[in-house]
Structure formats: C-alpha cells, structure tokens
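Architecture and fold: a report
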Amino acid sequence: MNITYVMCSLLLGGALAWYLEGVKVQSARWIALLTVLVVALYFAVSVITSGLDFTELQLVVRLPWITSFNIEYALALDYLSLVLVSLTLFLALVCVLVSWQEIQSKSGFYYFNLLATIAGIIGVFTAVDMFLFFFFWEVMLLPMTALIAIWGHENKHFAAIKFFIFTQVSSLLMLVAIIAMAAIHFQQTGRVSFFYADWLILELPLSTSFYLMLGFFIAFAVKLPSVPVHSWLPDAHTQAPTAGSVLLAGVLLKTGAYGLIRFVLHLFPQASMEFAPVAATLGVFSILYGAKMAFAQQDLKRLIAYSSISHMGFVMLALFSFNAIAYQGAVLTLVAHGLSSAALFALAGMVYSRVHSRDLNDMGGFWHSAPRMGGFALAFAAAAFGLPGLANFVAEFLSLVGAYQRFPLLTILAALGLIGSAVYGMVFFQGAFHGKEHGKEQGKKQNEASTIADLSKRELLIFSSLLVLLIVIGFYPNVVLVFFQKTDLITTITSAAGGQ
Amino acid sequence: MTQLMMFSLSPLLIIAFGLVLSLLLIAWRRSQKLILIFTLTIFVLALLASLSSVMNLTDAVQVTTLVKVDNYGNFAFMLVLVASITVGLLSSTWLTHSVEVHDEFFLLLQLVVLGAGILVMSDHFAALFLGFELLSIALVGMVGYSRDSQYSVESSFKYLILSACASSFMLLGIAFIYSQSGSLSFATELFVYEQTSPTISVFYHAGILLFLVGIAFKLSLAPFHLWTPDVYQGAPTPVTLLLATVSKVAMFVVLMKFWFSQPQLFVQPLDQPLISNGNALSALNLMSVFAVLSMLVGNALALKQQNIKRLLAYSSIAHMGYLLIVLMVLSPHSVALAWQSALFYLSAYVLATLSLFMVLQLTQAKRGDIELEINDWQGLFWQNRSLALLVIVGILSLAGIPLTMGFIGKFYLLNVAVQAQQWWLIATLIIGSGIGLFYYLRIIFILFGEENIGKIAGIKNSAVDYKLTTVVSFSASMLIFVGLILGLYPDLLGNILVNL
C-alpha cells in the first residue's frame, strides 16, 4: 500500500505524456488514460489486499522531512480518504475522457497539468502532517490554475487569478493557524510537531482554539465554497475547460469538506460546537442563495456552478449539526454531488463543443437531434434536484433528517432549497432540450444549431458509467455508508462538548 | 593579528588584494576578457575562503574593534559573492556592444563587493559607515555606467543625491548615539539612562531614528522608497541586479547585527513596568510601521507596472517589508531563529531575483537592449522552455508558493511572527501577498500566452531566436534545480543555518 507510488506515477505519467506529445501527436491522451487506469487499478488492488481496517486512520508512511521544524512526510488512510481518493481517481478517468477531443493545442502540457492536479488532490486527502497537508493544498492549486489560465475560455486570466487569490489568501490564514498550533504544541510538550495525531491530544483553551478554528474554517469555507466567499467559483467554473470544471466541482470542492471533517471538527470539537449555529446558517444561506442564483443564470456552466454552491451548503449544514445520520448524509453528498456535478459539467462541455456557446438562449430543441443526450441530461438534472432513486436524494434526505434534530428551523429553510433545485434543474433542461429548435429562428445558424450530433461512444461511456454509479448508490446507499457506520467522530465531539 | 584573525578575514583580504592586482593588471594590459576572468577568479576564491570559514569557524572572531567575523556574516557574504559572480557573467554579455574596454566596470564591481563584505562583518559604526560609503559610491558609478542610455544621468544623479542624504542622516544619527554611549561599537554595555535625565534619551532616540532612516533608504523601505523604481529602471540590468541583491543583503545583515546587539531596543525587561521601557516600544513600533507600509505600498504600486524592472523594484520594497518581521523578536532566545529566517529568506530572495534578472538580461540582449515590458515575455514558455521555467520558479518563489524556496522563507517568517505574536504584521503580510499574487500571476500567464510573433511584425527582432549557449542553459537549469530542491528539501540549507 503505497500512496507515494500513486502520486509519483501520476506525475511521471504526466511528464511522459508531455514529452511524448512532442514525439508523436495525440499520444498524450493515451498515456494519460493508461496512467490513470493503471494507478486506479493499483490503488484498488492494494487497498483490497492490504487487509487493514480503515475505520481508524491507518498510517501508511511516516518519514522525517524538514528536520529543523520536525516536519514529517506522513500519509494515512481511513474510509473517508479512501472513498474520496477513489472518487478522485474515477473522476480522473472522466476528465481524461472528456478532454479527448476538446483539447487540441498544447495537449501534452495539458495532460501533465491534469495529472499533477490529481496527484496533488490525492496528497491532500491522505496527508496527516499538517505542513504536508498545506503543501499539497497549495500544490494542487498551481496546475489547476494553469488548466484554467491556458485552456480556459474568453475571460480565463481573470478567473484564474481570482481563483488563485481567493484560495491562496485564505490558505495563508490556515498556515498561520497551523504554525500557531505547532507553537502551542511546543509550549505544552517542549517539542515542535506538525503531526495530526499529536495535535489531537493537545489541550486547547477555548478562546485560543476558537481563533485557530476560524483560521482553518475560512480556508475550507472558501474551497467548499460557502456563501460570503464563494464568488470565485462561478467564474472559475465558467472559464475552465470542461475537464477543469469536472475536476473543480467533482473533487476540488470536496477537499474543503474533507478539511472541515478531518481538521476543523476533529481538532477543535468544542470551538466547532460553539461555532455551529453560524456555520449552519452559512450553509443554509448557501443553499438558498445558490439555488436562487442558479435559477437566474443564462450561462449553462454558471448555472451548474451555482447549483454546486447550493449542494455544498447541505454538506456544511449537515457537518455542523453533529449528528451521526447527518454526518453520513454529508459524506454521501460529497460522493453524489461529485458524480452528478461532474456529469452535468461534462454535459455542458459536450453541448459547448457542438454549439460553441454556453448561453441557454442559444440552445433549445436539442432533444430532436440528440435524444440520447437529452435522456442523460434529464437523468442528471433529476439527480441534481434529488429525485428518489438517485444518490443525491438519499444524501440530502439523510442530511436534512440529521440536521433537523439540532437546527429545526434552519433545516426547514434548507429543505426549500430542494424546491429551488427542481426549478433550476427544469429551467436548464427545458431551455436546452425542449422548446423551439434554436436554429429555426436564426437562419444563419441553421446548420450548426438545429441538428447537433448525438453522443459518441466515448461520451456514452462517460455518461453511462456516471449514471450507473448514481443509480447504484441511490438504490443501495450502503455501498458507501457501510464505511461510516461506526462514526466515532460524533461521539468524540459530543463528549468533548459535553465536558465544557 | 593572529592566524585565526587572518583566516577569518581572508575573504575580505582576497577581495582587497584582488582590487590592487586588478589595477596593476589594467596598467599592464587592457583587455575586457582578462579583467572579467580575473574578477571572477577573485570572487570564486573569496567564495571558497568564506566557505571554509563557515565550515571551520565555531565562534565569532573579533578582528580589531571594527570587524567581527561570524558565520552569519560569512553566509551573507557568500550570497553577495554568488550574486556578484552572476552580475559579472551577465555584464559580459551586456558590455560587448561598444568598442571601449570596460575595465572600470569590473573594478567598481569589486569595490561594491568589498563594501558589502565590510558591511556584513562590521561590528562598529565606523566600519559600517566605511562599508556603506564604499558600496554607495561605487554603485553610483555603476548606475550611470551606460552613458548613452536615456535614463543614465537621471538615475545616477537621483541615486547619488539621495544616497548622500541618507548617509549624512545616518552619520548624524551615529553622532547622536555616540554622544550618549561614548562608544562607536555596536555591542556596548551602556545605557544606564533609564534612570537619568530625559534629555539624554531624546538624543539617543533621535540618533536611533536617524540611523534607521539611513538604513531604510538603502533597503528602500517605504516611505523612503521613492528612488527605487527610477534607479532600477535607469540602471543597466546587471547593475540593477546588484542593487537588488548585494546592496539589500549587506544592508539588511548589518541592520540585524546592529539590532540584535542592542537588546534594549526590542527586549522587554520583565522586571520593569512598561512605561519606563519606551525604548523597546518606540524602536519596535518604528520598525513595524516601516514593515507595514513597505508591504502595502510595494505591493500596491507594483500592480499596474508594465516595465519589468519597475515591477521588480516595487516587489523588492514589499519583500524588504516582509523581511523586517524578523526584527520583531521579543526575547533573546528567538534571535537564532530570527537569523535563520532572515538568511533563508534572503537566500530565496537572492536566488529568485538572480533567476529573473538573468532572463531579463538575456531576453533584453536578444531584443537589442530595449526596455522590456512584461508583454515582451508573451509566449516565452512555448519559445524557450528553460528560460520560462526559470522565470516561473523565480516568480513563484517571490510569491511564496510551495515547491519553491520562497515558500519556506515565508514559512520561517511566519514562524518568527507567530512566536512574537505580531498579529497585525501577519495580517499585513497576508494582505500583501494577496495583492502581490495579482502581478506575479500576470507575469506567469503572459509567459503562457500566445506567441506574439505576428503582433509586432514591424520590428525585426520579433521572431527572436532564443537559442542559448550551453553555459547559459546550464546555469539556468542549475538555478531552477536549486530553487526547487531547496523548496522540497529545505533541510539542505536549514541545517547549515542551524549550525552557523
């Protein structure tokens, strides 16, 4: 079981793709696909054969790294990171496949960036040394920013800079909190440590831990994103290439949620308990605001981006209600939203490649010429607004049921967001696939817009695999939930908070 | 003079002796190639000498009352020498145009290095002033060296007059301090006047203030930064590099030596009430004001710069502001960490600046010595990968993004700041780096932009051939390698700094 191999081989595969593209055109995508497949296979096999129990954090590797600060290279896995890494690797395949035709220029460097981002994300999900975590947290940003800034759409530089500055400034706050934690560890034990397990046993005075918690919380809230700090997301999503959007929505947002679970809740249980009403309110606000804004968008990708904000609000609400059911709901939301938003962004990318516009006004009547695409679009829109039988329904249902026990009023408000999501889901679907065929109104665009090509085999493969997963999880959520039955998280937090 | 003293002073002696020999060499034969090789040999010898002192010296050696050789100073001198060697190499490409033989340039360069060497090893105001003037006067000559360039007179006059003002301020300050302490040595066990009449302490305060103003001018701290962009822009590129690295490193190190030898400036005595401790508060506050202003002003004014040298000038103002954080030490125990942080940060800064100026000089030479705007680097990544990578690593290092040395430097600074609990400075640093990302990222995005061959088709140089000589490409890849390896394994340098 070696996560380092996984990350290194992703990087090496990317470098190889970059190099070979110069030797033989179009070889990069094959290399990238093969790399991701092999890595995913290796990961799956080694997890299954390791025979470890991942309900607890299982340390995979721990080596000294920067000895002057006692910083270690430490990676660990538990079910949470396992599920998220699997999601990442699966979406990596989707990303490579959706970029297949889209990226024509500089594609070698493109696949290098794509794979480097994925390697960074896997690092984030597995690092248990806080400095290392921060390192990966930043490193995954660089290639992601490059993806937006080089292969993005018309306003790419603005979006990339906005994305980078939002995350960078907020993560500097986290860095300060990390250093302060290490300093506190030094005061209490006489030894500097950035190791996660060492920090768990620190005794923190509530006032200090509140500020430290805020440092972490802001960084993760920006990534999640939660409402007052969300404004980078619509821009970044709109301007990113399709695979960039898929990766952003599918995995990058999840790093924020992962950070909240792993660090904010575990390290500062009492402070989080104190902060919970604020966080939950922010969550509900995100749900409603995201839904409202999604409804008002004409730009297809912006619409999906705002819907992401809305869905991640559920995660925030559920996490801060400290309830086992809500926690399960939150984790399931991560997976379900990862799949459904990836599917929607892939869909937006495919529509864009056909009509060269993201504007809903330029679409309409696609159902005639592309019924299979329409069918899938309907299914994914339904998943986004939580149709029973699809994964998102179970996830949101569990979140709301759990959250209701702690924040009844907020949860009722949050449930309104479900109606909102149905509305914007239908706006999207009707606008693009029903109604008049757009080309008949504008004669000159007749050939391009009125008949669009239906899904190719590659696209069919992407969509059907995503849909199958959504349905499987929807009908049998235990494939994910079975890992989160024994959640000691809730017990530790409630016991810590009970002791105040 | 004992053998130990000779040995510890040998780097300086080599430079001084080399200067005399260079004069003789010029009298014997005027050849630019010869004097270049001779200068570089001297520098390399001095580098080896200081390297051996770093390895062999265990304790600081007081050589007369003027000079105290310690390993911090030796390390800083090594940085100075590395920068000067690069300057020598770069100026050889720049000085080839005219038929003249430019021996004077190399003599001035050696004088600058001698001045910097005296500064970093001084332990006495007289030595400080000597080094300061050697450095400044030689630099004035170099700033105005290219007589036929548009700005040479303006910038050298600006530098001459302001530098003379600064040194007279400083001299007055030294006189005031001397009038109170009765000694010109840095480390005097004086200062009984907490109890004595208040007029004395007014003089002392005025002295400290004037002295720090002189230093602040050289470090181009806001509000004494106004000369920086003009002089940076007007000076020949290698000389700008000298201003940005050698002069800054030497002045900062001497500032630290002065500061940390006067514990009454910053340490709060435990047994005294806060009121009687005006010294500590006022000097610390003054430095905080310098730091905050420099971080904000430098970053804000760099935002809209188009000229690369002006942009780097403003960014260097901000970096000196960041560096001032290491002076905010509240207890003598943290002084070692402060030195390590400062030297690490300075190394990162020097390396990044070297990388950027190297590319600047090379691209400028290819384009016929015109003033380079940022847009002239457009598409560099697709034209010459190693130069572009050098710029990227340099910029990321300046911006403090992980993978590069600059991030570790920033991490050191934050550690010092957290230990000293300077939350306002930390907040300013975060805001400053946030603003800084705008212009740093803009440069990187421009590197990745479309090649602008068609855009300036009128100019012959537009299709620049970026073929590099082997020496240049080797040193470029070395710089990239060092920048990255020290970002990934900062221990390589960190352990050396711990043992200094």
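Since this is a predicted model, take the numbers as computed values, not measurements.

Some points on the overall build of chain A
Along chain A, the regular secondary structure elements total 23 helices and two strands. Taking 2.2 N^0.38 as the reference for a compact globule, 500 residues should give roughly 23 Å; the C-alpha atoms of chain A span a radius of gyration of 22 Å, in line with that estimate. In terms of its C-alpha atoms, chain A occupies a principal-axis envelope of roughly 75 × 60 × 40 Å. By the burial criterion, 65% of the 500 residues in chain A qualify as buried. Put simply, 80% of the contacts in chain A that link residues at least 6 apart link residues at least 24 apart. Of the roughly 16900 Å² that chain A leaves accessible, carbon and sulfur atoms contribute 67%. One way to put it: in chain A the 24 positive side-chain charges average out to a point 8 Å from where the 23 negative ones average out.

Structural notes on the overall build of chain B
Counting its regular elements, chain B contains 18 helices and two strands. Considering only contacts in chain B between residues 6 or more positions apart, those separated by 24 or more positions represent 79%. Carbon and sulfur atoms make up 70% of the accessible area of chain B, which totals about 18600 Å².

A look at helix α17 (residues 470-488) of chain B
All names here are of chain B. For α17, spanning 19 residues, the distance from its first C-alpha to its last is 26 Å, which sits close to the expected 27 Å at 1.5 Å a residue. Looking only at α17, the buried set comprises V472, A476, L479, I480, G483, L486 and G487. Around the axis of α17, the buried residues are gathered within 150° of arc, so they sit on the same side. Residues of α17 that are exposed and point more than 90 degrees away from the buried face comprise T470, V471, F474 and F481. Lining the buried residues of α17 we find α12 (335-366), α14 (385-399), α15 (405-420) and α18 (491-498).

What about the interface of chain A and chain B?
Facing 33 residues of chain A, the contacting portion of chain B comprises 34 residues. Between chain A and chain B, a total of about 3100 Å² is buried, with carbon and sulfur atoms accounting for 83% of that surface. Of all residues in chain A, F69, K106 and I179 of chain A bury the most surface against chain B, accounting for 17% of the area lost on that side. One can count zero salt bridges joining chain A with chain B. Taken together, the links from chain A to chain B amount to three residue pairs in polar contact (both at pLDDT 80 or more). In terms of residue count, helix α7 (residues 156-189) of chain A provides more of the side of chain A that touches chain B than any other element does, 14 residues in total. Residue composition of the side of chain A that touches chain B, grouped by class: 26 nonpolar, five polar and two charged.

A word on the environment of L109 of chain B
All names here are of chain B. Checked against the element boundaries, L109 lands in helix α4 (residues 103-121). Classification of L109 as buried rests on a relative accessible area of 0%. C-alpha separation for the pair L109 and L119, spaced 10 residues apart in sequence, amounts to 15 Å. Discounting residues that sit within four places of it in the chain, L109 has contacts with T39, F43, S84, V87, G88, M142 and L242.

A short note on the environment of A352 of chain B
All names here are of chain B. Mapping A352 onto the fold places it in helix α12. Residues A352 and V393, 41 residues apart in the sequence, show an inter-C-alpha distance of 7.4 Å. Other than its neighbours up to four places away in sequence, A352 contacts G394, S397 and L398.

Structural notes on the nonpolar core
Within the largest apolar cluster, 395 residues are counted, with the highest numbers of intra-cluster contacts made by F216 and F320 of chain A. The element best represented in this core is α12 of chain B, accounting for 21 residues. Those residues in contact with F216 of chain A that lie beyond four places of it in its chain are M130, M174, A177, I178, W199, F263, V264 and F268 of chain A.

Section: the side chain of K410 of chain B
Structurally, K410 of chain B is set in helix α15. Buried within the structure, K410 of chain B lacks any salt-bridge partner; E138 of chain A is the closest side chain of opposite charge, at an N-O distance of 8.3 Å.

Notes on the confidence of the model for chain A
Confidence in the prediction of chain A, expressed as mean pLDDT, is 86, and 94% of residues score 70 or more. Note that pLDDT drops below 50 for residues 443-449 of chain A; the model gives that stretch six contacts with residues more than four away or on any other chain.

Notes on the pairing of strand β1 (residues 58-66) of chain A
All names here are of chain A. Here β1 runs beside strand β2 (residues 71-77); their pairing, made up of seven bridges, is antiparallel. Note that in β2 the partner of L59 across the bridge is A76. Between the end of β1 and the start of β2, which pair antiparallel, lie four residues, with N70 showing a positive phi angle near 60°.

Overview of the packing of helix α11 (residues 242-267) of chain A against helix α14 (residues 324-355) of chain A
All names here are of chain A. Running from N to C, α11 and α14 point in directions that differ by 165°, and their axes come no closer than 7 Å. If you check the angle between α11 and α14, you find them roughly antiparallel. Both α11 and α14 take part in a crossing whose hand is right-handed. On α14, the residues touching T242, S245, V246, A249, G250, L253, K254, A257 and I261 of α11 are Y327, L334, H337, G338, S341, A342, F345, A346 and G349. Of the residues assigned to the contact of α11 with α14, the class counts are 10 nonpolar, seven polar and one charged.

Rules and cut-offs
Each residue is numbered by its place in its chain's sequence as written, counting from 1. Working convention: letters from A go to chains and numbers from 1 go to ligands, in the order in which they are written. The predicted nature of this model means local features are confined to residues of pLDDT at least 70 and side-chain atom pairs, given and counted, to a pLDDT of 80 or more, with totals for whole chains, interfaces and linings taken over all residues. Calculation of side-chain values draws on the structure's entire complement of heavy atoms; hydrogens and water are dropped beforehand. The way it works is that DSSP assigns letters per residue, a run of H or I at least four long becomes a helix, a run of E at least two long becomes a strand, and they are numbered from the N terminus. Atoms considered for the radius of gyration are the C-alpha atoms alone. The globule rule reads 2.2 Å times the number of residues to the power 0.38. Only protein chains enter the area calculation, which uses a 1.4 Å probe; residues under 20% of their type maximum are buried, those over 50% are exposed, and those in between are partly exposed. Any two residues whose heavy atoms approach within 4.5 Å are treated as being in contact. Each accessible area value is a Shrake-Rupley result obtained with a 1.4 Å probe; residue values ignore everything except the protein chains displayed when judging cover. All tallies of charge rest on Lys and Arg as positive and Asp and Glu as negative; His and the ends of each chain are not included. For charged residues, the charge sits on one atom: NZ in Lys, CZ in Arg, CG in Asp, CD in Glu. One less than the number of residues in a helix, times 1.5 Å, gives the span that helix is expected to have. When we speak of the arc, we mean the arc of directions from the helix axis to the C-beta atoms. Joining two parts hides part of their accessible area as seen by a 1.4 Å probe, and the buried area is that hidden amount summed over both. Every case where a carboxyl oxygen of Asp or Glu lies within 4 Å of a side-chain nitrogen of Lys or Arg is listed as a salt bridge. Two N or O atoms count as a polar contact when they lie within 3.5 Å, although within protein this holds only if one can serve as hydrogen donor and the other as acceptor, and sequence-adjacent residues are included solely when both atoms are side-chain atoms. Under the scheme applied here, ten amino acids are nonpolar (Ala, Val, Leu, Ile, Met, Phe, Trp, Tyr, Cys and Pro), four are charged (Asp, Glu, Lys and Arg), and all others, including Gly, are polar. Note on terminology: a nonpolar core comprises buried Ala, Val, Leu, Ile, Met, Phe, Trp, Tyr and Cys residues joined through side-chain atoms within 4.5 Å. Summary of the metric used: pLDDT quantifies the predictor's per-residue confidence within the range 0 to 100. Between any two strands, pairing holds if DSSP finds at least two bridges. Angles here are taken between N-to-C directions and fall from 0 to 180 degrees, while the axes themselves are lines fitted to C-alpha atoms, restricted in helices to the stretch in contact. In this scheme, roughly parallel covers angles under 35 degrees and roughly antiparallel covers those over 145, while 65 to 115 is roughly perpendicular and the rest are oblique. Definitions for this section: a left-handed crossing has its near helix turned counterclockwise from the far helix by less than a right angle. A right-handed crossing has that turn clockwise.

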